[in-house]
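# Geometric and topological summary
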Amino acid sequence: MGSAATPVVVGLDNGGTSNNATVLTVDGRFLVDGLLESPSEVQAGPQAAIEALAGAFAGALASAGVARDLVRAVGLDTPGPASAVGVISSRGSTNFSQPQWRGYDVRGALERRLGLPVVYLNDGNAAALYAHHSYFGADAARRSSASVVVGTGLGGGLVDGGRVIAGAAGMAGELGHVPLPLTGLLGPGQPDPVCGCGFVGDAESVASLTGIARNLLPYWLTRFPGHPLTAQPLARAAKLVRGLGERGDPLAREIFTQQAKAIGRLFTLVANLADPHAYFVGGGVVEAAPEFRDWFLATVREHTVLRKEQAAVATFALVPERDMAGARGVALAALRGWSAPGR
């Protein structure tokens, strides 16, 4: 339970189906140990989604036993692409596909609803920030990292000196939409993968749940005639692939090998652009069986081409506490934003 006198910030992680929330004291203690999930109502449109976030905010305070007047700021993350100030891309995104979301100021709307300062990151950036600070601890301000989080889409983030690299329009670190070299990545006769954003051959088109359903399964099922997944709708079959992969199913392992190769190619590009100290991988793989998890990370590492000097200092690791990483990362951002000079 929270101290009756200690100010806090609240972190809200918004997703396509659920919100997660946490509470962080200004002296750096998380008051929520596990998930605080509630429906996000994103598919019902912006107004319903903002009310759902307000409900998640109230639920987090109630769970932590903290009075509302102790809240100094709120951190919000949503799936990208979005601007640095929380305006959803005019092209939409995987989770915000309806027209009313395009160009919507989700950060400003929540700030008006709560009457509190709201700091915004996209969900990939938030998870990247938490991974960075969790891994490096006291050295976070002297280290850099790149993260990818495999989910419905492919989130990501670049952190340098303990701070997220946002870019001029706030869309830096959108690693899922970086085009990849496809030669040697695709199987014989495999069609070029198409992303929901319209790009052909970007990282998300291969390394995401959507990529499995849209691009990978239709191809690999032709290579494994009679496979049990053939009888399933593609969307459901895609969700079953990880469990099969954990059990060593050959088709599933082919799919995840292709995803790990794609992430390795993405990290190779990042290495030549940013040369970070660490490369983090997050998503469902974090919660997978240890053998599968270790195999996947090792395959990513095998297909990341680093120079000798880079390999000597580079670290590969998993994003910790996958389901809480976004809320905790954006709470850290809110704490930093509230405590910045001038506040």
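Below, the structure is looked at part by part.

The rules behind each value
- Residues numbered from 1 in each chain as written.
- Predicted model: local features only at pLDDT ≥ 70, side-chain atom pairs only at ≥ 80, totals over all residues.
- Heavy atoms only, no water.
- Helix = DSSP H or I, 4+ residues; strand = E, 2+ residues; numbered from the N terminus.
- Rg over C-alpha atoms; globule rule 2.2 N^0.38 Å.
- Buried < 20%, exposed > 50% of the residue type's maximum accessible area, 1.4 Å probe, protein only.
- Areas by Shrake-Rupley, 256 points an atom, 1.4 Å probe, with all protein chains shown as cover.
- Lys, Arg positive; Asp, Glu negative; His and termini not counted.
- Charge placed at Lys NZ, Arg CZ, Asp CG, Glu CD.
- Pairing = 2+ DSSP bridges.
- Contact = heavy atoms within 4.5 Å.
- Axes fitted to C-alpha atoms, helices over the stretch in contact; angles between N-to-C directions.
- Expected span 1.5 Å × (residues − 1).
- Parallel < 35°, antiparallel > 145°, perpendicular 65-115°, else oblique.
- Nonpolar A, V, L, I, M, F, W, Y, C, P; charged D, E, K, R; others polar.
- Salt bridge = Lys/Arg side-chain N within 4 Å of Asp/Glu carboxyl O.

Let's shift gears to the overall build of the protein chain. The number of helices and strands found in the protein chain is nine helices and ten strands. Against the globule reference of 20 Å for 343 residues, the protein chain gives a C-alpha radius of gyration of 20 Å, in line with a compact fold. Dimensions along the principal axes, computed over C-alpha positions, put the protein chain at roughly 60 × 50 × 35 Å. Per-residue burial for the protein chain yields a buried fraction of 54% across its 343 residues. Entry remark: accessible area of the protein chain is about 14300 Å², with carbon and sulfur atoms responsible for 55%. Each charge sign in the protein chain was given a centre, from 28 positive and 28 negative side chains, and these centres are 2 Å apart.

Strand order in the open sheet formed by five strands is 3-2-1-4-5, and the pairing between neighbours is mixed. For this open sheet the edge positions go to strand 3 (38–39) and strand 5 (118–122), each flanked by a neighbour on one side alone. For strand 1 (residues 8–14) and strand 4 (residues 71–78), the ladder comprises six bridges, and the chain directions are parallel. Counterpart to Gly 11 in the pairing with strand 4 is Gly 75. Each of strand 1, strand 2 (18–25), strand 3 and strand 4 touches helix 1 (residues 46–64); the most contacted strand, strand 2, lies at about 45 degrees to it. Against the sheet, helix 3 (residues 123–136) touches strand 1, strand 4 and strand 5, its axis set at about 95 degrees to strand 5.

Further remarks concern the sheet that holds strand 8 (residues 163–164). With respect to topology, five strands assemble into an open sheet ordered 8-7-6-9-10, the strand pairing being mixed. The outermost strands of the open sheet, each flanked by one partner alone, are strand 8 and strand 10 (315–318). Pairing of strand 6 (residues 144–150) with strand 7 (residues 154–160) involves seven bridges; the strand directions are antiparallel. Bridging across to strand 7, Val 149 finds its partner in Gly 155. Here helix 6 (residues 250–273) sits on the sheet and contacts strand 6, strand 7, strand 9 (278–283) and strand 10; the angle it forms with strand 6, its principal contact strand, is near 155 degrees. Where helix 7 (residues 290–302) meets the sheet, it contacts strand 9 and strand 10, and its direction lies at approximately 145 degrees from that of strand 10.

Moving on: helix 1. Here helix 1 is 19 residues long and its end C-alpha atoms lie 27 Å apart, about the 27 Å a rise of 1.5 Å per residue gives. All buried positions along helix 1 are accounted for by Pro 46, Ala 49, Ile 50, Ala 52, Leu 53, Ala 54, Ala 56, Phe 57, Ala 60, Leu 61 and Ala 64. On the buried face of helix 1, the contacting elements are strand 1, strand 2, strand 3, strand 4 and helix 2 (106–114). Looking at the residues trailing helix 1, positive phi occurs at Gly 65, about 70 degrees.

The axes of two packed helices give the description: the angle between them and the distance between them. Put simply, helix 5 (residues 234–246) and helix 6 touch, their axes get as near as 8 Å, and they point 105 degrees apart. The orientation of helix 5 with respect to helix 6, classified from their angle, is roughly perpendicular. Residues Val 241, Arg 242, Leu 244, Gly 245 and Glu 246 of helix 5 form the contact with helix 6, whose own contacting residues are Ala 252, Arg 253, Ile 255 and Phe 256. For the contact of helix 5 with helix 6, the class distribution of residues is five nonpolar, one polar and three charged.

Okay, the pattern of salt bridges next. Throughout the structure, instances matching the rule amount to five salt bridges. For Arg 29, the salt bridge goes to Asp 27, with nearest N and O atoms at 3.3 Å. The class of Arg 29 is partly exposed, set by a relative accessible area of 37%. Since its relative accessible area comes to 51%, Asp 27 is described here as exposed. Notably, a salt bridge pairs Glu 111 with Arg 107, separated by 2.9 Å at the nearest N-O pair. One end of the pair, Glu 111, and the other, Arg 107, are both in helix 2, four residues apart, so they sit about a helical turn from each other. Residue classification places Glu 111 among the partly exposed residues on the basis of a relative accessible area of 27%. For Arg 107, a relative accessible area of 18% translates into the label buried.

Remember that the coordinates give geometry; whether it matters functionally is a separate question.
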